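Geometric and topological summary
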Amino acid sequence: DSMAKTTHIAVVSIPAFSHQASIVEFCKRLVHVHHHFQVTCIFPTIDAPLPATLTLLKSLPSNINYSFLPPINKRDLPQDALSAVQIQLAVSQSMPSIQHVLRSLLSTTPLVALIADLFANEALEIAKEFKLLSYVYFPHSAMAVSVLLHLPSLHQQVSCEYRDHKEAINIPGCVPIQGRDLPSHFQDRSSLAYKLILDRCKRLSHAHGFIVNSFSKIEESSERALQEHNRVSSSNSSGVYLIGPNVQTGSSNDPKGSECLKWLENQEAKSVLYVSFGSGGTLSQQQMNELGFGLELSGEKFLWVVRAPSDSADGAYVGASNDDPLQFLPNGFLERTKGRGFVVGSWAPQTEILGHVSTGGFLTHCGWNSALESIVQGVPMVAWPLFAEQRTNAVLLTEGVKVALRPKFNDSGIAEREEIAEVIKGLMVGEQGRLIRGRIEKLRDAAAEALKEHGSSTRALYQFGTQIERLEGQS
Ligand code: UDP
């Protein structure tokens, strides 16, 4: 109500576009539901703010502010480390700046709570120091959150590398999962990436609640498992709030992107396969060739966001290559697929493409934002996971809710052209694709339902706000 006093909260993200976009959309929904909330978003930065994030921040309501922290130099981070590790180190190095920003905020405003991205959850310690309520924001599926919560116990129970574990692993509320499909951070138990994620997962029990970018209908059993876990093992018996899908909406107004939208205009309804590996995913040169030939062989129409190849799957996550990506396509590819395929270098207006009537399928790396964006538009998927928790998402999409087909990879980890072509045809024109379309259209409707005024995700947002105000009253 209009008499309510303002509730101030701070939000800490990480220098990765998909995480920033997800948490910003969450903040927008939060202040939409709770008009008296005032949010300050804090962005740790590597080198400079991400251009795509700057675009996103242009259209914020007046009760959301933001602040970019003094940048960490990429050249001061270990150059041989994975992007995910570089990002986490940069966030850790930014903790003194976060503390500084919070202290100066507190000198002028009665902050009550801090929400930190999973990969910034060291900030929970700062929240404690300042006597703030603390929450973790997961731009993840509830299944991935359940996997993360159970890592400390998996670590005790399993002594080999997870990928060598013979049977599928049962995690509460999740479809059984092969060890190799657990997040990439888990895959080398002697690595720094593993140590970082294990520490992070252990730290989760201090939070007052988890905010998850998913919705009840798609992940009922994982949601229950999270609630049960928190009831038993969290020191604050934390709340679990499935508040999604929070995905970007509206148009990017990027003139470079409009070419491909124009091309889509002239295609038949649901005839085009959109191919993209997220904001930073990359293929090896060999895999890129196979994908190119696979698209050709399939005979289907496609719109492919091509990125320069790299030997590391998250090669373009922190600082992309400046090479023209199109030069890495198979010889003669553009001529042979002229009219049938459209190729875009590095970046495309994804939400507009997925929302276009001509788009009939999405070959995706299964980043959770991409998966949700596809679900929101009812677009069937080919699941081609690369890194992070994308393999876990692929299991949820193919074996859990059954809205995607997953190609087989050979012993060298390559999906071959014939296999790619078969899977694409299966999705675009096959019987399996037809069934998948039916299922994903139901999920699309369920997602829309969840976001309505009395839908599950809107109710979760209300409950989250109410919990903050109740706990604040107690402290
Ligand atoms: N995205 C985009 N254009 C591109 C590639 C990605 O707009 O060419 C957006 C996409 O819509 C999504 C985000 O970037 O919102 C990617 O997030 P996701 O979680 O799928 O993957 P990640 O980038 O974390 O690997």
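Owing to the predicted nature of the structure, the values given are computational and were not obtained by experimental measurement.

Some details on the site of the ligand
In the region of the ligand, 19 residues are neighbours, and S18, G278, S279, G367 and S370 sit closest. Counting residues per element, the ones that place at least two in the shell around the ligand are α1 (17–33), α13 (350–354) and α14 (368–377). Examining the composition of the shell around the ligand, we find that four residues originate from one element, α14, more than from any other. Per-class residue counts for the shell around the ligand are six nonpolar, 12 polar and one charged.

Some remarks on the nonpolar core
Ranked by internal contacts, the top residues of the largest apolar core, which has 141 residues, are V11, F210, I211, L303, V382 and L397. Examining the composition of this core, we find that seven residues originate from one element, helix α6 (residues 142–149), more than from any other. Not counting chain neighbours up to four residues away, the residues in contact with V382 comprise G361, L363, A404, L405, P407, V423, I424 and L427.

A word on the sheet that holds strand β10 (residues 341–345)
Spatially, β10-β9-β8-β11-β12-β13 is the arrangement adopted by the six strands of the open sheet, whose pairing is parallel. A strand with exactly one partner marks an edge of an open sheet, and here the two such strands are β10 and β13 (404–405). Alignment of strand β8 (residues 272–276) against strand β11 (residues 359–364), held across five bridges, turns out to be parallel. Within β11, the position partnered with S276 by the bridge is T364.

Considering the sheet that holds strand β7 (residues 239–242)
Taken in spatial order, the seven strands line up as β3-β2-β1-β4-β5-β6-β7 in an open sheet, and their pairing is parallel. Of all strands in the sheet, those bounded by a partner on one side alone are β3 (64–68) and β7. Neighbouring strand axes in the sheet, compared pairwise and without regard to direction, differ in orientation by 20 degrees on average. The pairing of strand β2 (residues 37–43) with β3 spans five bridges and is parallel. Bridging from a neighbouring strand, I42 pairs with S67 of β3. Where α1 meets the sheet, its contacts fall on β1 (7–12), β2, β3, β4 (111–117), β5 (133–138) and β6 (209–212), and the angle it forms with β2 comes to roughly 170 degrees. Set on the sheet, helix α9 (residues 220–233) makes contact with β6 and β7; between it and β7 the angle comes to about 160 degrees.

Focus: the packing of helix α3 (residues 83–93) against helix α8 (residues 192–202)
Put simply, α3 and α8 touch, their axes get as near as 10 Å, and they point 50 degrees apart. Classified by the interaxial angle, the pair formed by α3 and α8 is oblique. Relative to α8, α3 is oriented so that their crossing is left-handed. Judged by residue contacts, A84, V85 and Q88 of α3 engage L192, A193 and L196 from α8. Looking at the contact of α3 with α8 residue by residue, the classes come out as five nonpolar, one polar and no charged.

A word on the pairing of β11
Extensive coverage of β11 is indicated by the burial of six of its six residues. With three bridges joining them, β11 and strand β12 (residues 381–383) adopt parallel strand pairing. In the sheet register, L363 faces β12, and the bridge partner there is V382. The parallel pair β11 and β12, bridged by α14, forms a crossover whose chirality is right-handed.

Notes on helix α16 (residues 417–428)
Taking 1.5 Å per residue as the helical rise, α16 with its 12 residues ought to reach 16 Å, and the 16 Å between its terminal C-alpha atoms agrees with that figure. Taken residue by residue, α16 has I420, V423, I424, G426, L427 and M428 as its buried positions. Looking at the buried side of α16, the elements it contacts are β8, α11 (285–298), β11, β12, β13 and α17 (431–451).

Focus on the pairing of β7
Residue alternation in β7 divides its side chains into two sets, G239 and Y241 and V240 and L242, and both sets are buried. Where β6 lies against β7, four bridges are found, and the strand directions are parallel. Paired with V212 across the bridge in β7 is L242.

Conventions adopted
- Residues numbered from 1 in each chain as written.
- Predicted model: local features only at pLDDT ≥ 70, side-chain atom pairs only at ≥ 80, totals over all residues.
- Near = placed C-beta within 6 Å.
- Helix = DSSP H or I, 4+ residues; strand = E, 2+ residues; numbered from the N terminus.
- Nonpolar A, V, L, I, M, F, W, Y, C, P; charged D, E, K, R; others polar.
- Core = buried A, V, L, I, M, F, W, Y, C linked by C-beta atoms within 7 Å.
- Buried ≥ 20, exposed ≤ 12 C-beta atoms within 10 Å, placed from the backbone.
- Contact = placed C-beta atoms within 7 Å.
- Pairing = 2+ DSSP bridges.
- Axes fitted to C-alpha atoms, helices over the stretch in contact; angles between N-to-C directions.
- Parallel < 35°, antiparallel > 145°, perpendicular 65-115°, else oblique.
- Left-handed = near helix turned anticlockwise from the far one by under 90°.
- Right-handed = clockwise from strand over helix to strand, strands pointing away.
- Expected span 1.5 Å × (residues − 1).

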